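Listed here are the chains, written in short residue letters.
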Amino acid sequence: MSEVLVLVDFVNGAVKKPTFELLTIAKRIGTPSAVFIGAADQVGTVAEAVKAYGAEKVYAIDDTEIKGYLVAPKAEALQQVASGKDVAAILLPSSGENKEIAARLAIKLGSGLITDAVDVDADGTTTQSVFAGGFTATAKVTTGTPIITVKPNSAAPEQSAGAGEVETVAVTISDAAKTAQIVATQPRQATGRPELTEAAIVVSGGRGTGGNFEPVEGLADALGAAVGASRAAVDSGWKPHSFQVGQTGKVVSPQLYVANGISGAIQHRAGMQTSKTIVAVNKDEEAPIFELVDFGVVGDLHTVLPALTAEIQKRKG
């Protein structure tokens, strides 16, 4: 079978869940192979993680020449890994950086590109949520090697033993790819919660919180969830923009999305309506969010959420 290359998402010494999801999808299309761009002393850790989800090969690329620059060197590295191989598809976790890498890679390989897929079939047909979530579209690359970025939580990771054979790949990065250099970085503030776009559960708050996110955060911590916010909450200064879920914020697709005090305007719905299960708590029984939900509670979030949190903690304890 043809190989399917999966770019490894490796952060803070661990392979992130979207990588396992993509390896699961890759098994539908061909033989999964992981591509790791990172420190040489982390290759063993990566290989052990990805082979449990079916990776037959791990192409290891030392990032010494790559990590000080923006996306262009990574696109060149992926091009060199793919060249000369029988590759059925190249899958990347859908993020701002990876979508740019994928676009550059598509140009270099002369291939078609699909971004923000929420599903990929065995024949390479993808499903996307488009036009602010108003439509579902199917598409398929017809030229070259399909390059597809897939949103986190689009597939449930399925373990299956792979060989995890490591092959070190020496890449040559052109001077042209090194014209944009990273001169400073600012680490994210550690919260102990999952990253918003990767979380399997997201608990969000909106205008109805009145700026008091304690009930929202309490429920999120009880569930092991990420915390999100509506545009109204962000515009009010209650949460930074990095928390915003919506068309002008982050797009999430968790297994469970809990919207609290959020009216459900189209701007917010565009960022979360592909969630597998949606729950809403709102005092207004006419709120548009109730048109979208699987389960709805008409009530005050400041009363409902603490009671729900207490019940979850009771059952856990």
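Residues numbered from 1 in each chain as written. Predicted model: local features only at pLDDT ≥ 70, side-chain atom pairs only at ≥ 80, totals over all residues. Heavy atoms only, no water.

Peer 1: Would you mind going over the packing of helix α5 (residues 214-223) against helix α8 (residues 301-316) with me for this structure?
Peer 2: Two measures define how a pair of helices packs: the angle their axes make with one another and the distance between the axes. Their axes nearest at 9 Å, the elements α5 and α8 cross at an angle of 20 degrees. Taken together, the axes of α5 and α8 are roughly parallel relative to one another. The chirality of how α5 crosses α8 is left-handed. Taking contact as the criterion, the partners of P215, V216, G218, L219, A222 and L223 in α5 are, on α8, L301, H302, L305, P306, L308, T309, I312, Q313 and K316. For the contact of α5 with α8, the per-class residue count stands at ten nonpolar, four polar and one charged. (Axes fitted to C-alpha atoms, helices over the stretch in contact; angles between N-to-C directions. Helix = DSSP H or I, 4+ residues; strand = E, 2+ residues; numbered from the N terminus. Parallel < 35°, antiparallel > 145°, perpendicular 65-115°, else oblique. Left-handed = near helix turned anticlockwise from the far one by under 90°. Contact = heavy atoms within 4.5 Å. Nonpolar A, V, L, I, M, F, W, Y, C, P; charged D, E, K, R; others polar.)

Peer 1: Which parts of the structure should I look at to understand unusual backbone geometry?
Peer 2: Peptide bonds are, in most cases, trans, and in most cases residues other than glycine have a negative phi. Residues other than glycine seldom take positive phi values, yet D116 does so here, at roughly 60 degrees. Looking at the element boundaries, D116 is found in strand β7 (residues 113-120).

Peer 1: When you look at the pattern of salt bridges in this model, what are you seeing that I'm missing?
Peer 2: Applying the stated criterion across every chain yields a total of 17 salt bridges. Salt-bridge contacts for E48 lead to K51; the nearest nitrogen and oxygen are separated by 3.2 Å. With a gap of three residues between them, E48 and K51 both fall in helix α2 (residues 43-51), about one helical turn apart. Classification of K51 as partly exposed rests on a relative accessible area of 27%. With a closest N to O distance of 3.1 Å, E195 and K250 form a salt bridge. Of this pair, E195 sits in the loop between β11 (165-168) and β12 (201-205) while K250 sits in the loop between α6 (231-235) and β14 (256-260), and the two are 55 residues apart along the sequence. A relative accessible area of 24% places K250 in the partly exposed class. (Salt bridge = Lys/Arg side-chain N within 4 Å of Asp/Glu carboxyl O. Buried < 20%, exposed > 50% of the residue type's maximum accessible area, 1.4 Å probe, protein only.)

Peer 1: I keep staring at the pairing of β7 and nothing clicks. Help me out?
Peer 2: In the case of a regular strand, side chains alternate between the two sheet surfaces. In this structure, β7 lies alongside strand β10 (residues 147-150), joined through three bridges in parallel fashion. Its bridge partner lying in β10, I114 is registered against I148. Connecting the antiparallel pair β7 and strand β8 (residues 126-130) is a turn made up of five residues, with G124 showing a positive phi of about 90 degrees. (Pairing = 2+ DSSP bridges.)

Peer 1: Looking at this structure, how should I read the packing of helix α3 (residues 72-82) against helix α4 (residues 96-109)?
Peer 2: Two numbers describe how α3 lies on α4: the axes approach to 8 Å, and their chain directions differ by 50 degrees. In terms of orientation, α3 lies oblique with respect to α4. Both α3 and α4 take part in a crossing whose hand is right-handed. Here α3 contributes A72, K74, A75, E76, L78, Q79 and A82 to the contact with α4, which in turn contributes E97, I101, R104, L105, K108 and L109. A breakdown of the residues in the contact of α3 with α4 according to their chemical character gives seven nonpolar, one polar and five charged.

Peer 1: What should I look at first to understand the packing of aromatic side chains in this one?
Peer 2: Any aromatic ring pair is given by two values, namely how distant the centres are and how the planes are angled relative to each other. The full count for this structure, using the stated rule, is two aromatic pairs. Relative to F36, the ring of F10 lies with its centre 5.2 Å away and its plane at 75 degrees, an arrangement referred to as edge-to-face. One end of the pair, F10, is in strand β2 (residues 10-11); the other, F36, is in strand β4 (residues 31-38), and 26 residues separate them in sequence. On the accessibility criterion, F10 (22% relative accessible area) is partly exposed. Ring geometry for F20 against Y53: centres 4.2 Å apart, planes inclined by 15 degrees, an arrangement best described as stacked. In this pair, F20 is assigned in helix α1 (residues 17-29) and Y53 in the loop between α2 and β5 (57-62), connecting sequence segments 33 residues apart. When its relative accessible area of 13% is taken as the criterion, F20 is described as buried. (Phe/Tyr/Trp six-rings, centres within 6.5 Å; stacked < 30°, edge-to-face > 60°.)

Everything listed here is a matter of geometry and, on its own, says nothing about what the molecule does.
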